[in-house]
Amino acid sequence: MADTSGASARAQAAPLPPFTFDRGPAAICAVIFAAVAVVIAQAVSLHQMVVYLIGGVLGLALYHASFGFTGGWRRMVVERRGRAMRAQLLMVAVAAIAFIPLLGFGSPFGGSLVGALAPIGVSVLVGALIFGFGMQLGGGCGSGTLFTAGGGSARMLVTLAFFVIGALLGTAHLPMWLTLPSLPAVGLGSVFGPLGGVVVTLVALALVALVTIFVERAAHGSLETVSAPSRQGMVRFLHGPWPLVGTGLLLALMNVVTLLVTGHPWSITFGFGVWGAKIAQAMGVGVENWAFWNWPGPARALHNSVLADDTSVMNFGILIGAALASALAGKFAPKVRVPLASLIAAAIGGVLMGYGARLAFGCNIGALFSGIASGSLHGWLWFAAAFAGSALGIAVRPVFGLDGFKKK
C-alpha cells in the first residue's frame, strides 16, 4: 500500500489561493451605493437613507450566504435535505421573539408599530400556491430574485422584470379576490397574549423543524454535515460563503431593526407593484383610477416619489448591496447567454410570483417571514400553500430544461 501521508501533509500545508475581487465593478458599485444614499438623504430624509442602508446590509448578507427559500425548499423536496429550511425556521423564530412583544407592548422608542397581519381566505390560499409554483420556474423567491439579480444574473433580471408586471396585474385584480370567502386577520399575540403568542409560534416552528429532521434522517440515516470553510476572518466576510445559521440570525435582527425604524416589518413585493404602477402611468395607463391605488397606503405611494416608499428604497439597497457583495467576492460576471426555454420559465415564474404575492399579501418575506414573526395566522396558511405550489413547480421545471425531481 502506498504511503500517502506525505501527499496529505503537502495538501494540508498548501497555501490557499490568493483572495481577489473585481476592483473595477467593486469601485463602481461602492460609488453607486454611496451616491444613492446621498441622493435619498437630500431628496427625502436621513431617516429614509437609514432604511436604504438596512437594505444594503440585507443584500450583502443574502448574497454571501445564498440565503434564498427557493433552493432550500427544492433541496427538501428533491434531496430530503432540510438544513436550509431549518435555518429559515430559526430566523423566523428569533424575529418572533422580538416582534410579538413589540407589537403587543409598543416600541420602546415611541411611535406605532404595525405587524404583517392579513385576512385568512381564498386570496391568500390561491396567491401563495401560485407564488410557490412560480418561484421554482423563476428560480428565486422575493428576496432571492433581488439578490441574484443584483449579483449579475441576466436570467434573474428577466424574472424581476416580469415579477413587476405580475405585481401590477395583481393590484388590478386584488379587489375582486377580496370579495371571495375570508376570515379576519388573526394575531396570536392578541389571542394568547404576547408571551403566549411567542410560545405558540415557537412550538409550531419547532414542530416543522422536527419534521424536516425526521424526513432527512429517514432518507439518509443522519443529518447533513457542513465542512469547515476554507477561508476565515475578514477574507471570509468579504468573499463568503457566510454560514446559513449566522446569516439567518442577522436577517432576523435586521427585520427587527426594520420594524423599529419604519414602524412595519420587512416586505418586498409592494415595492414591485409601485414600480409597475409608476411605469404604467408614464406609459399613459390610468392606474390611479384602479380601486387598489385609491386605498390610502397605495395612493400615497403612487402620488409620492419612489424614494419616499420604504419598501422600494430597501429593495434598491438589496440590489446594489448584492452587486457590491458579488464584486467583492470576485464573482461579478453576468451570464448573458441563457437558453430560450429558461428565459420563458423566468418570465412565467416572475409574473406568477408578482401576481401571487399581491393576492397573498406578500411573498416569502412579507407574508411568511414577517407574517409568522408577527404572529399572523395568514403566514402559516401562506407557508403551507406556497410549499405545495413549490413542489408542483419542481415537477414542471424539466419542461423548460431545468432540473426537477431526481429519477431513481
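Everything below is about the structure shown above.
Here is a short report on the structure shown in this document. Because the structure is a prediction, the values reported are computed rather than measured. (Residues numbered from 1 in each chain as written. Predicted model: local features only at pLDDT ≥ 70, side-chain atom pairs only at ≥ 80, totals over all residues. Heavy atoms only, no water.)

1. Re empty space enclosed by the protein
Point 1. The full count for this structure, using the stated rule, is one cavity of 30 Å³ or more.
Point 2. Approximately 40 Å³ is the volume attributed to the largest cavity.
Point 3. Every residue along the wall of the largest cavity is listed here: Phe69, Trp73, Met85, Gln88, Leu89, Val92, Leu368 and Phe383.
Point 4. Per-element tally for the lining of the largest cavity: the top contributor is helix α5 (residues 83-105), with four residues.
Point 5. Residues of the lining of the largest cavity, tallied by class, amount to seven nonpolar, one polar and no charged. (1 Å grid on protein atoms, 1.4 Å probe; cavity = no way out; pocket = protein on both sides within 12 Å on 5 of 7 lines; lining within 4 Å. Points joined across faces, edges and corners; volume = space filled by probe spheres on them. Helix = DSSP H or I, 4+ residues; strand = E, 2+ residues; numbered from the N terminus. Nonpolar A, V, L, I, M, F, W, Y, C, P; charged D, E, K, R; others polar.)

2. Considerations on helix α8 (residues 154-177)
Spacing of three or four residues puts side chains on the same side of an α-helix, whose turn is 3.6 residues.
Point 1. Relative to the 34 Å expected for 24 residues at 1.5 Å per residue, α8 spans 33 Å between its end C-alpha atoms, a close match to the ideal helical length.
Point 2. Helix geometry: α8 is bent most strongly at threonine 171, by close to 40°, with proline proline 175 lying one to four residues after it. (Expected span 1.5 Å × (residues − 1). Bend = angle between axes of the 7 residues up to and from the residue.)

3. Brief notes about unusual backbone geometry
Point 1. Of note, serine 66 is a non-glycine position whose phi angle comes to about 50°, a positive value.
Point 2. Considering the arrangement of structural elements, one finds serine 66 in the loop between α3 (46-65) and α4 (69-79).
Point 3. Despite not being glycine, phenylalanine 361 shows a phi value in the positive range, around 60°.
Point 4. Since its relative accessible area comes to 24%, phenylalanine 361 is described here as partly exposed. (Buried < 20%, exposed > 50% of the residue type's maximum accessible area, 1.4 Å probe, protein only.)

4. Some thoughts on the packing of aromatic side chains
Point 1. Going through the model one piece at a time under the given rule, you end up with 14 aromatic pairs.
Point 2. Ring centres of phenylalanine 270 and tryptophan 293 lie 6.5 Å apart, and the angle between their planes is 40°; on these two criteria the pair is classed as tilted. Pair noted here: phenylalanine 270 is in helix α12 (residues 269-282) and tryptophan 293 is in the loop between α12 and α13 (296-303), with a separation of 23 residues, a long-range link. With respect to burial, phenylalanine 270 and tryptophan 293 carry one shared label: buried. (Phe/Tyr/Trp six-rings, centres within 6.5 Å; stacked < 30°, edge-to-face > 60°.)

5. Examining the nonpolar core
Point 1. If you look at the biggest cluster of nonpolar residues, it comprises 90 residues, and the most contacted ones within it are Trp73, Phe131, Trp266, Phe272 and Trp382.
Point 2. Those residues in contact with phenylalanine 131 that sit more than four places away from it in its chain are Cys141, Gly142, Phe163, Leu352, Met353, Gly356, Ala357, Cys363, Asn364 and Trp382.
Point 3. Of all hydrophobic cores here, the second largest spans six residues; its members include Ala26, Cys29, Ala327 and Leu328. (Core = buried A, V, L, I, M, F, W, Y, C linked by side-chain atoms within 4.5 Å. Contact = heavy atoms within 4.5 Å.)

6. Some details on the layout of surface pockets
Point 1. Taken as a whole, the largest pocket holds about 930 Å³ of empty space.
Point 2. Contributing to the lining of the largest pocket are 35 residues, with His264, Ser267, Phe270, Thr311 and Arg358 lying nearest its centre.
Point 3. When residues of the lining of the largest pocket are traced back to their parent elements, those giving at least two are α12, α13, α14 (310-328) and α16 (364-373).
Point 4. Tallying contributions element by element places α13 first for the lining of the largest pocket, with four residues.
Point 5. Classifying every residue of the lining of the largest pocket by side-chain character gives 16 nonpolar, 15 polar and four charged.
Point 6. In this structure, the second largest pocket spans a volume of roughly 350 Å³.
Point 7. Along the wall of the second largest pocket there are 19 residues; nearest its centre are Ala65, Arg83, Pro241, Trp242 and Leu244.
Point 8. Every element with two or more residues in the lining of the second largest pocket is listed here: α3, α4 and α5.

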